[in-house]
Structure formats: C-alpha cells, structure tokens
Amino acid sequence: MTLWTPGGEHHVPRDPQPESAGPAGDDAIPGAEQVNLEDLDPEDRERAEAILAELAAARERLAAAPPEVVVANHAMGLYELGAIHLTAEPPRPAAARLAIDAMGVLVEGLAGRLGDSEPTLREALQSLRMVYVQQSSGGGSDSDPGAE
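Let us look at the overall build of the protein chain. Summing up its helical and strand segments, the protein chain has four helices and two strands in all. Ordered by position from the N terminus, the helices and strands of the protein chain form the series β-β-α-α-α-α. Looking at the protein chain as a whole, 19% of its 148 residues qualify as buried.

Another aspect to go through is the confidence of the model for the protein chain. Per-residue confidence for the protein chain gives a mean pLDDT of 82, with 70% of residues at or over 70. Least confident of the elements in the protein chain is strand S1 (residues 2–5), whose mean pLDDT is 62; most confident is helix H3 (residues 93–109), at 97. Here residues 18–26 is a poorly scored stretch, pLDDT under 50, and it has one contact once near neighbours within four places are set aside; other chains count. Counting interchain partners and residues more than four positions distant, the pLDDT-below-50 stretch residues 140–148 has 15 contacts.

On to H3, then. When the terminal C-alpha atoms of H3 are compared, their 23 Å separation across 17 residues agrees well with the 24 Å that a helix rising 1.5 Å per residue should span. Residues of H3 that are buried: Pro93, Ala96, Ala99, Ile100, Met103, Gly104 and Val107. Viewed along the axis of H3, the buried residues span an arc of 145 degrees, placing them on a single side of the element. In H3, the exposed positions angled more than 90 degrees off the buried face are occupied by Leu98, Val105 and Gly109. Residues of H3 that are buried make contact with helix H2 (67–87) and helix H4 (118–137).

Take the packing of H2 against H4 next. For the pair H2 and H4, the least separation of the axes is 11 Å and the interaxial angle reads 20 degrees. Compared by their axis directions, H2 and H4 come out roughly parallel. With respect to the hand of their crossing, H2 and H4 are arranged in left-handed fashion. Facing Ala72, Ala75, Met76, Tyr79, Gly82, Ala83 and Leu86 of H2, the residues of H4 in contact are Leu121, Ala124, Ser127, Leu128, Val131, Tyr132 and Gln135. When its residues are assigned to classes, the contact of H2 with H4 shows 11 nonpolar, three polar and no charged.

Following the sequence through the fold, glutamate 118 ends up in helix H4. If near-sequence neighbours (up to four positions away) are discounted, glutamate 118 is found in contact with Leu110, Ala111, Gly112 and Arg113.

With respect to the helices, strands and loops of the structure, histidine 85 is situated in helix H2. A relative accessible area of 15% means that histidine 85 is categorised as buried. Once residues lying within four places of it in the same chain are set aside, the contact partners of histidine 85 are Pro91, Arg92, Ala95 and Ala96.

About the criteria used
- Within each chain, residues carry numbers counting from 1 in the order of the written sequence.
- Only residues with pLDDT of at least 70 are given local features in this predicted model, and only at 80 or more are side-chain atom pairs given and counted; all residues enter the totals for whole chains, interfaces and linings.
- Only hydrogens and water are removed before side-chain values are computed, so all heavy atoms of the structure are retained for them.
- Helix and strand assignments follow DSSP, with helices taken as H or I runs no shorter than four residues and strands as E runs no shorter than two, numbered in order from the N terminus.
- Note on classification: 1.4 Å probe, protein chains only; a residue is buried when its accessible area is under 20% of the maximum for its type, exposed when over 50%, partly exposed between these limits.
- The quantity known as pLDDT measures the predictor's confidence residue by residue, on a range of 0 to 100.
- The contact rule is simple, with two residues in contact once any of their heavy atoms fall within 4.5 Å.
- The span you would expect from a helix comes to 1.5 Å times its residue count less one.
- Note that the arc is defined by the directions from the helix axis to the C-beta atoms.
- Only C-alpha atoms enter the line fits that serve as axes; for helices the fit covers just the stretch in contact. Angles between N-to-C directions range over 0 to 180 degrees.
- If an angle is under 35 degrees, it is roughly parallel; if it is over 145, roughly antiparallel; if it lies from 65 to 115, roughly perpendicular; otherwise it is oblique.
- The hand of a helix crossing depends on one turn: near helix anticlockwise from the far one by less than a right angle means left-handed, and clockwise means right-handed.
- Gly is placed with the polar residues, together with every amino acid not listed as nonpolar (Ala, Val, Leu, Ile, Met, Phe, Trp, Tyr, Cys and Pro) or charged (Asp, Glu, Lys and Arg).

Written out as structure tokens, the structure reads:
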C-alpha cells in the first residue's frame, strides 16, 4: 500500500513494524525509523545521526516545557507576524489581519488557561488590533475587502 504526500508517494507496510526493529529505550531517536541510515555514506550518516540526536533533544525540551508557555510563545509569534505586516512598506493589512485573528483565536479561545502570560497576551492583542484599526481607517495602500 502507498500513501501520497506532497513530498511524493511513500510505501506504507500493512503490518506494523515490531518495536524491536530499531534502538530501544533511552537510545531510541524519535524519527529515526523514517530514515534508512544504512544507505548513507559514513560522513552523511554521521551528520544524519547528529541531526536526529539534536531533534530528539529539542523534543525532550519541548515536552518538559509547560504547555501554556509553548502556546503563549506561539501567540507572540503571531503578534510579531502581524506587526511585521503592519509596519511593512507598504503595510499589508490583509496579511496582518490573518495573524491578528489567529492570535485572537488563541488568546480568547483559551481564556483562563494561558497562565501568567495571559494578561500580557491580551494587552499585545489589543494593541495590535488598535494599530490595525488606525491604519485601516487611514486608508492603507493594501486593499482588504473583508476588513469591514
């Protein structure tokens, strides 16, 4: 059986692979089962193993972080994205609006669950919305037919 992805068609085995097929326990590297390291030359294999080890360490750090901190970080990334589009020359209000709306969905949709960052996130969202409204009412150069 095969599975089509944007990256191409991939063979999918009908029977799940036994757990013992790869390294076990603490030596297992998440994602390594998708890479056939045996097909690589020694230099590429060493680089691939180093990348997989870094990825495993990053996954561990992410798993150890409180989820509300990770979500707040993503919300601030949306804030930055909105600000970038609002301060671009010329401003791009349609692009900014998507980022602002996405941030609003997170902050307002998760009200009461974002921990100590929630007041800061609410203030950031409000200030971004104010800048957007000020720019939109001033007749920005990027058409945004769905803004009203």
